[in-house]
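Chain and residue survey
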Amino acid sequence: QMIFQMTSSRELTVQLAKGLHLVPCSRIVALSGNYNGEVRIRWNDVLADAKSIFDLMTLAAPQGSVLLVEATGDDADVFLDEMEQLFAHDFEV
């Protein structure tokens, strides 16, 4: 029996002057690590696993980048709300 999991996505903009560097990436990993589903972030042609700091660093997304954040699993929308807040507050926890 196949279990269909819902995938939700949201576009989030990087406001940070330095772009998506180590500190914001580590905050994304910390938030994503608490989520039991899959989280991917896409920018241009790069797709990164949001639970992997190395993956996120490969995005190297500068200020003004619009990222597509995809979450698969239960409470995906709730998780994306939290991710949106992280971006909105410039990754200050």
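Here is what the cut-offs are and how they apply
Residues numbered from 1 in each chain as written. Predicted model: local features only at pLDDT ≥ 70, side-chain atom pairs only at ≥ 80, totals over all residues. Heavy atoms only, no water. Helix = DSSP H or I, 4+ residues; strand = E, 2+ residues; numbered from the N terminus. Rg over C-alpha atoms; globule rule 2.2 N^0.38 Å. Buried < 20%, exposed > 50% of the residue type's maximum accessible area, 1.4 Å probe, protein only. Areas by Shrake-Rupley, 256 points an atom, 1.4 Å probe, with all protein chains shown as cover. Core = buried A, V, L, I, M, F, W, Y, C linked by side-chain atoms within 4.5 Å. Contact = heavy atoms within 4.5 Å. Phe/Tyr/Trp six-rings, centres within 6.5 Å; stacked < 30°, edge-to-face > 60°.

Details of the overall build of the protein
Along the backbone of the protein there are 3 helices and 4 strands. If you list the helices and strands of the protein from N to C, you get β-α-β-β-α-β-α. Its C-alpha atoms give the protein a radius of gyration of 13 Å, near enough to 12 Å, the size a compact globule of 93 residues would have. Oriented by its inertia axes, the alpha-carbon framework of the protein measures out at about 45 × 25 × 20 Å. Evaluated residue by residue, the protein yields a buried proportion of 41% over its 93 residues. Accessible surface, the protein as shown: approximately 5,600 Å² in total, 51% of it carbon and sulfur.

With respect to the nonpolar core
Core analysis: the largest hydrophobic core is formed by 26 residues, its most contacted members being L20, I28, I41, L67, F79, M83 and F87. Elements represented by at least two residues in this core include exactly helix 1 (22-33), strand 2 (38-43), helix 2 (53-59), strand 4 (66-72) and helix 3 (76-88). For this core, the leading source of residues is helix 3, giving 6 residues. Excluding residues that lie within four positions of it along the chain, F87 makes contacts with L12, T13, V14, I28 and L67.

A few points about unusual backbone geometry
Unlike most non-glycine residues, N44 shows phi in positive territory, near 55°. Position of N44 relative to the elements: it lies in the loop between strand 2 and strand 3 (46-49). Owing to a relative accessible area of 56%, N44 belongs among the exposed residues under this scheme. In the Ramachandran plot, F91 falls in the positive-phi region, its phi being about 65° despite a non-glycine side chain. One can find F91 in the segment after helix 3.

Let's talk about the packing of aromatic side chains
Working definition: an aromatic ring pair is given by the centre-to-centre distance plus the angle between the planes. Scanning all chains against the criterion turns up 2 aromatic pairs. When the centroid spacing of 4.5 Å and the interplanar angle of 25° are considered together, the rings of Y35 and F79 count as stacked. Separated by 44 residues along the polypeptide, Y35 in the loop between helix 1 and strand 2 and F79 in helix 3 bring together distant segments of the chain. Considered together, Y35 and F79 belong to a single accessibility category, that of buried residues.

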